[in-house]
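# Reading the structure
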Amino acid sequence: GAARSVALARRFYLQGEHPAPNSYNPTPLLLRGPSPRHFFSLPNFDEMRARTFSSTKTVQHSPKNLFAVVANVGQYDKFVPFCARSRVVRRYSGKHFEAELEIGFRLFNEKYVSDVTLVDEKSVTAEAIPGADGSTGLFERLVSTWKFAPGAHPDECVVSF
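### Some remarks on the pattern of salt bridges
Counted according to the given criterion, the structure contains 5 salt bridges. When the shortest N-O distance is used, the salt bridge between K78 and D77 registers 3.8 Å. Among the ionic pairs, E127 bridges to R141, the shortest N-O distance being 3.9 Å. With E127 in strand β5 (residues 123-128) and R141 in the loop between β5 and β6 (143-150), the pair connects residues that are 14 residues apart, well separated along the chain.

### Examining the pairing of β5
Examined bridge by bridge, strand β4 (residues 108-119) and β5 share 6 bridges and lie antiparallel to one another. Counterpart to L118 in the pairing with β5 is V124. Here 5 bridges tie β5 to β6, and the two strands are oriented antiparallel to one another. For V124, the partnering residue across the bridge sits in β6 and is W146.

### Re the nonpolar core
V73, V116, L118, V124 and F148 are the most contacted members of the largest nonpolar core, which totals 19 residues. Elements that contribute at least two residues to this core include exactly α3 (63-71), β3 (96-105), β4, β5 and β7 (157-160). Of the residues forming this core, the biggest block, 4 residues, is contributed by α3. Setting aside chain neighbours within four positions, we find V73 in contact with S86, F97, A99, L101 and V116.

About the cut-offs
Residue indices begin from 1 for each chain and proceed along its sequence in written order. In view of the model being predicted, local features appear only for residues whose pLDDT reaches at least 70, and side-chain atom pairs are presented and counted only at 80 or more, with totals across whole chains, interfaces and linings using the full set of residues. Side-chain numbers come from the whole structure's heavy atoms, not from hydrogens or water. Salt-bridge detection follows one rule: a side-chain nitrogen of Lys or Arg within 4 Å of a carboxyl oxygen of Asp or Glu. Numbered from the N terminus, helices here are DSSP runs of H or I no shorter than four residues, and strands are runs of E no shorter than two. Strand pairing follows a simple DSSP-based rule, namely that at least 2 bridges must link the two strands. Throughout this description, the term nonpolar core refers to a set of buried Ala, Val, Leu, Ile, Met, Phe, Trp, Tyr and Cys residues connected via side-chain atoms within 4.5 Å. When accessible area is computed with a 1.4 Å probe and restricted to protein chains, residues below 20% of their type maximum are described as buried, those above 50% as exposed, and intermediate ones as partly exposed. Throughout, a residue-residue contact means that at least one pair of heavy atoms, one from each residue, lies within 4.5 Å.

Following this line, the structure appears as structure tokens:
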């Protein structure tokens, strides 16, 4: 009965014994012990620690117009996918402020505050500010820099992120 199945499962698990191929084994699959196949594995968090993403694109907008959109952090929740909330929380000057973003999808939400610096029509840099616990939430460190350069004609911009 059940006691025999549990005893067999323990023996298979603890001693590494496995039943002969094609033999009937009433022990539930989860109690049979280690499986040689893995259906998923956890990521290597050490490898993920220092990730960098960068991209450069030429777009059909002037550097001035594209800069204005990226610099308007307080309106991100209106047009940035998965941005649930965005607001400027402290303004040091017209070119330097702190902004809070809430990024989320359904039940998963994360808020963080960034120190944002604007260089007229040239760049927008946002660096996540550590909270009281020294963490920036999901990120150990997050720095985003957008750079804008004139393209081949006035309504073209080379944007680097």
